[in-house]
Structures are given as C-alpha cells and as structure tokens.
Amino acid sequence: MLTGKKIILGITGSIAAYKTAFLVRSLVKSGAEVRVIATRSALDFVTPLTLSTLSNHPVYSEYLKNEQGEWVNHVEMGVWADLMVIAPATANSLAKMANGMCDNLLMAVYLSARCEVMFAPAMDLDMYQHPTTQQNIKKLMDFGHHLIKPGTGPLASGLNGEGRMAEPEDIQAQIEAFFMSKWPLRGKKVLLTAGPTYEAIDPVRFIGNRSTGKMGYALAAELAQLGASVTLISGPTALACPEGVNRQLVESAEEMYNATMAVFAKAELAIFSAAVADFKPAETVNQKIKKDGQALALALVPTLDILAEAGRRKQPGQFVVGFALETNNEVANAQNKLARKNADLIILNSLQEAGAGFGYDTNSVTIISKNEQIKLPLASKHEIAHQIVQYLINRL
Ligand code: CTP
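For every chain, the first residue of the written sequence is number 1, and numbering continues from 1 along that sequence. Only residues with pLDDT of 70 or above have their local features reported here, since the model is predicted, and side-chain atom pairs are shown and tallied only from 80 upward, although totals for entire chains, interfaces and linings are computed over all residues. Each side-chain value is worked out from all heavy atoms of the structure, with water and hydrogens disregarded.

1. Overview of the packing of helix 1 (residues 20–29) against helix 2 (residues 48–55)
Part 1 of the argument: In contact at an axis separation of 9 Å, helix 1 and helix 2 are set at 10° when each is read in the N-to-C sense. In terms of axis orientation, helix 1 runs roughly parallel to helix 2. Residues Thr-20, Ala-21, Val-24, Arg-25 and Val-28 of helix 1 form the contact with helix 2, whose participating residues are Thr-50, Leu-51, Leu-54 and Ser-55.
Part 2 of the argument: Among the residues forming the contact of helix 1 with helix 2, the class breakdown is five nonpolar, three polar and one charged. Axes, fitted as lines to C-alpha atoms, cover a helix only where it is in contact. Angles between the N-to-C directions of the axes lie from 0 to 180 degrees. Secondary structure counts use DSSP, requiring at least four H or I residues in a row for a helix and at least two E residues in a row for a strand, with both numbered from the N terminus. Note on terminology: angles under 35 degrees are roughly parallel, angles over 145 are roughly antiparallel, angles of 65 to 115 are roughly perpendicular, and the others are oblique. The contact rule is simple, with two residues in contact once any of their heavy atoms fall within 4.5 Å. Under this grouping Gly is polar, as are all residues other than the nonpolar Ala, Val, Leu, Ile, Met, Phe, Trp, Tyr, Cys and Pro and the charged Asp, Glu, Lys and Arg.

2. Brief notes about a nonpolar patch on the surface
Part 1 of the argument: Residues forming no salt bridge and having over 30% relative accessible area are the ones grouped into patches, like charges within 9 Å of each other and nonpolar side chains (Val, Leu, Ile, Met, Phe, Trp, Tyr) within 5 Å. Where accessible areas are quoted, they stem from the Shrake-Rupley method and a 1.4 Å probe; at the residue level, only the protein chains shown are allowed to cover. By salt bridge we mean one thing: a side-chain nitrogen of Lys or Arg within 4 Å of a carboxyl oxygen of Asp or Glu. The grouping of Ile-15, Tyr-18, Phe-22 and Phe-45 at the surface amounts to a nonpolar patch, some 410 Å² of accessible area in total.
Part 2 of the argument: When you line up the elements, Tyr-18 lands in the loop between strand 1 (6–11) and helix 1.
Part 3 of the argument: Categorising residues by exposure relies on relative accessible area from a 1.4 Å probe, with only protein chains included: less than 20% of the type maximum marks a residue as buried, more than 50% marks it as exposed, and the intermediate range marks it as partly exposed. With relative accessibility at 43%, the residue Tyr-18 sits in the partly exposed group.

3. A few points about the layout of surface pockets
Part 1 of the argument: As a volume, the largest pocket reaches approximately 850 Å³.
Part 2 of the argument: Only protein atoms enter the 1 Å grid used here, on which a cavity is any set of points holding a 1.4 Å probe that cannot leave and a pocket is any open set flanked by protein within 12 Å on both sides along at least five of seven lines; residues with an atom within 4 Å of a point are listed as lining. Every residue lining the largest pocket is counted, 38 residues in all, and those nearest its centre are Ser-273, Ala-274, Ala-275, Val-276 and Phe-323.
Part 3 of the argument: Of all the secondary structure elements, the ones that give two or more residues to the lining of the largest pocket are strand 8 (189–194), helix 9 (214–225), helix 11 (306–313) and strand 16 (319–325).
Part 4 of the argument: Of the residues belonging to the lining of the largest pocket, the class tally is 17 nonpolar, 14 polar and seven charged. Grid points are joined across faces, edges and corners, and a volume is the space filled by probe spheres set on the points.

4. Describing the nonpolar core
Part 1 of the argument: The definition of a nonpolar core used throughout is a set of buried Ala, Val, Leu, Ile, Met, Phe, Trp, Tyr and Cys residues joined through side-chain atoms within 4.5 Å. Counting 33 residues, the largest nonpolar core has Leu-192, Leu-219, Leu-223, Val-230, Ile-271 and Ile-388 as the members making the most contacts within it.
Part 2 of the argument: Counting residues per element, this core draws most heavily on helix 9, at seven residues.
Part 3 of the argument: Setting aside residues up to four positions removed in sequence, Leu-223 forms contacts with Leu-185, Val-190, Leu-192, Ala-228, Val-230, Leu-269, Ile-271 and Val-389.
Part 4 of the argument: Ranked by size, the runner-up nonpolar core spans 30 residues in total, among them Ile-11, Ala-120, Ala-166 and Phe-178.

5. Some remarks on the pairing of strand 1
Part 1 of the argument: Judged by how many residues are buried, strand 1 sits mostly within the fold: five of six residues are covered.
Part 2 of the argument: Note on pairing: two strands pair once DSSP finds at least 2 bridges between them. Two strands pair when backbone bridges link them, and strand 1 and strand 2 (residues 33–38) are joined in this way by six bridges, in the parallel orientation. Within strand 2, the residue paired with Gly-10 across the bridge is Ile-37.
Part 3 of the argument: Assessed by its sense of winding, the connection that carries the chain from strand 1 through helix 1 to strand 2 is right-handed.
Part 4 of the argument: Where strand 1 and strand 3 (residues 83–89) come together, four bridges link them in parallel fashion. Looking across to strand 3, one finds that Ile-7 is bridged to Leu-83. When the strands point away from the viewer, a crossover counts as right-handed if the route from the first strand across the helix to the second turns clockwise.

6. What about the sheet that holds strand 16?
Part 1 of the argument: Pairing is mixed across the open sheet formed by eight strands, whose spatial order is 12-11-8-13-16-17-18-19. Single-partner strands in this sheet number two, and they are strand 12 (246–249) and strand 19 (373–380). For this sheet the average axis-to-axis angle between neighbouring strands, irrespective of direction, equals 15°.
Part 2 of the argument: Relative to strand 17 (residues 345–349), strand 16 runs parallel, the two sharing five bridges.

7. Focus on the site of the ligand
Part 1 of the argument: Around the ligand there are 14 residues in total, and Phe-272, Ala-274, Leu-307, Phe-323 and Lys-337 lie nearest to it.
Part 2 of the argument: The term polar contact refers here to a pair of N or O atoms within 3.5 Å; inside protein, the definition further demands a hydrogen-donor-capable atom paired with an acceptor-capable atom, and it admits residues adjacent in sequence only when both atoms are side-chain atoms. For the ligand, a nitrogen atom lies 2.9 Å from a polar atom in the backbone of Leu-304.
Part 3 of the argument: Contact between the ligand and Phe-323: an oxygen atom at 2.8 Å from a main-chain N or O atom of the residue.
Part 4 of the argument: The protein chains hide 77% of the 580 Å² of surface that the ligand would expose on its own.
Part 5 of the argument: At the level of secondary structure, the elements contributing two or more residues to the shell around the ligand comprise helix 11, strand 16 and helix 12 (330–340).
Part 6 of the argument: Its residues assigned to classes, the shell around the ligand comprises seven nonpolar, two polar and five charged. For this description, a residue counts as near a given molecule or strand if any of its non-hydrogen atoms is within 4 Å of it.

8. Regarding helix 9
Part 1 of the argument: A helix is expected to span 1.5 Å for every residue after the first. Taking 1.5 Å per residue as the helical rise, helix 9 with its twelve residues ought to reach 16 Å, and the 16 Å between its terminal C-alpha atoms agrees with that figure.
Part 2 of the argument: Counted residue by residue, helix 9 has ten buried out of twelve residues, so it is predominantly covered.
Part 3 of the argument: Immediately beyond the C-terminal end of helix 9, within one or two residues, lies Gly-227, with a positive phi of roughly 100°.

9. Some thoughts on unusual backbone geometry
Phi is mostly negative for residues that are not glycine, and the peptide bonds are mostly trans.
Part 1 of the argument: Residue Pro-88 follows Ala-87 across a cis peptide bond; omega there is -10°.
Part 2 of the argument: Examined against the element boundaries, Pro-88 turns out to sit in strand 3.
Part 3 of the argument: Positioned with a positive phi, Asn-329 is a non-glycine residue whose angle comes to about 40°.
Part 4 of the argument: The residue Asn-329 is located in the loop between strand 16 and helix 12 in this model.

10. Some thoughts on the packing of aromatic side chains
Part 1 of the argument: Each Phe, Tyr or Trp ring (for Trp, its six-membered ring) is paired with any other whose centre lies within 6.5 Å, and the angle between the two planes then decides the class: stacked below 30 degrees, edge-to-face above 60, tilted in between. Counting across every chain of the model gives two aromatic pairs.
Part 2 of the argument: Geometrically, the ring pair formed by Phe-178 and Phe-179 is edge-to-face, given 5.1 Å between the ring centres and 75° between the ring planes. Per residue, the accessibility class of Phe-178 equals that of Phe-179, and both read buried.
Part 3 of the argument: Taken together, a centroid distance of 3.7 Å and an interplanar angle of 10° make the contact between Tyr-198 and Phe-206 stacked.

Next up, the structure:
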C-alpha cells in the first residue's frame, strides 16, 4: 500500500509519543521508508533505540551528529520526503509551525519540507480548546496541511475530553488515504493479459513460446501502484503476482480467451501483452504419445484472437492496447495491426535491438497510435512500464 513512499515522522514531547513505535512499525510493514526526527523532549517518552530499530534508520534529534562536526542536513531531508507527519504534535510545536519558529532540528526540517504535511495534535482538552491553539490549527490548515483530528477520552491529566492523539491505526489509515487520493488511476478498472499460453499435445507435451510475462507483470505492478484495480489474466509463468493485483492463472489460449471475455465488458482499459499461441493441436490426445521410430505430423488449427475479439466488442469509454512483435516493416505492420484489431494503441516490441524482448529484464518499444509514434529507448522493463503508463494517463 505504501511501497516506496518516503515519510518523515516528526515526534514532539507528549506522552502519546510512546504510540509512535506502533505507527513506525505499521508504516514500515506497509512498505514505507520512514525517517524519524524527534524533539529532545519527545525522547523523554520514547527511546531512540526503539524508533531506530523499527525504522531501520538512525533517529535524529540534534543538528550535530557527533563531536567531529558532522551535521544532519535538514534541507536534504525536507526535499527527500513524499510526506511529513508530525505526531504527536504538541501545542508548543503547533505554535512554532504556525509562526515559523525554528529552534530545533524538527522545525528546520518542517520549514525545509517541500512535501505535504499532516499533523496529529495531542494535548490536554483545555489546551486544545484554547483560542490560540485553535487559531494555530486553522492557520496550519490554511497552509494546506492536513489535520489528523484528536480523539475524545481519558487524558494523561486525569481529565476526560478532546485531545488524545488519534490511534496509530487511524493515523496510518489517513496516511494511506492521503496517498490514494493522489493516485491518477484511482479505481480505474484495468484488464491485462500476460505471459505465454501452453497448448496441450498430450498430457506431458505442449506448444508454447519463450515469453516470460515480465513486461506484462511490470505493467500490472505499475498500474496497481497508481491506484488502478487490475485484473491480470496470466499464462504459465514463474513470476509472483504483483502487490494489489487480482491474478487469474490460465494455461491455454482458449482459457485465456474465456477468462478475458468474462471481464472485458467492465474494463475501462484493456492491455493485451500476452504472447498467445496462434495455433493449437487440432486434438489433444489423452494418453502420452509413444515414439515408434516414425515421423509424427501434428495437425494445428488457429486459436481465437483475443485482442481482435476485444476490438470488436469495444464500447465507447473503453481503451484497448495491443502488443506487436514484428521482424520486418515493423511500423507499417504495427499500424496495420492497430487498424485490423480495432485497437487504440499498439506497443511495438523491437527485435532488432540487443537486450530487448523475450526473457530480458530490459526492453525497447515504440508506442504507436493512429497519429503518432513514440520510441522509448532501451531501459528496464519497469522503467518502460512506467513510461507506457504515464503515456496512458495522459491519453485517458
Ligand atoms: N493476441 C491475442 N490473441 C491471439 C493472438 C494475439 O490476444 N490469439 C494479441 C497479443 O496479446 C498482442 C497482439 O495480439 O497484443 C499480437 O498480435 P500478433 O500475434 O503479433 O498478431 P497477429 O495478428 O497474429 O499478427 P502476425 O500474424 O502478423 O504476427
């Protein structure tokens, strides 16, 4: 959910600081990279050892790292983060944030941060209700910061009321919701075919091809990370299902056809990256075929073309992407395929370039639509997937 997200957690001096250990643990578990900056008084409530162990990184509190004069670069940290979360945020720290006071490392990082900021107040109920605190909170929200509302209940003072820091799981949920709201493909229904198909000759033999599924899986991972709801219909592969992707494993072209057609009508974007066998044995023998020293002729019949059928069924609002692998007249053939299969886009794989194509971790492709051709130079399949998806986001 938070894979690769860079989060600075700023902890200030409240008893609620002890709860941040749970927050750091769950953020890291969700895939986030967490850097903790704690004020000096926060460390009266929670130890740096606990936080550094859970975040797998040193905890910073002071500008100076050691007596040799090494210092913590607050500007670098501020630029590094995708999100800064101040939790717990005391009345004192809220006042400093609202008024640009910079008397500790955390405030220097806050003032240097280019990312968005969330803050989770924690204090006694009268302090929370005080007009100056409320004014500071309003000011911070006017800056565009996000308030993580405190809860109501027993407070450390013995009083009962509003001011308890939100629970770590609530803070985590709000952080996740924050990142989800930024996803450009949030909720978009995407269907993707990937990998080879195996066409059975007998119980032990099949006709297959060299596709590994790497390009399709990289696309599925990239789309899911940007919030799309991805159904991946995959032929046989050794690859693990990317996080957040709904995978259906199939074996033959016919199974892939049926699984795809069952969900195609609901897909807003359908990408056909599978290397589907074009032919299958006219019949599959139930028993293993025995050799008898004679030649064996296999009768083959064409499989159904899944992409072409999707192109036929395509409705307004659906965007269909096919792949092509050509050996000659590459662009002209790909353009022809685009029209013939009624696709909106063809991703043309290059067979000419070293390092591109089946089995490699790198690829080089050309995006071909009716009116344009965009060549993406050799890069990792993840980078190519990223660029294809960025192109699709602009087109959609
Ligand atoms: N495709 C498909 N079902 C098939 C065959 C191909 O969905 N039975 C899709 C592939 O997933 C890919 C595109 O069609 O998106 C590739 O087509 P390709 O096999 O190259 O096209 P053909 O029309 O078979 O062209 P050619 O015979 O010229 O290679």
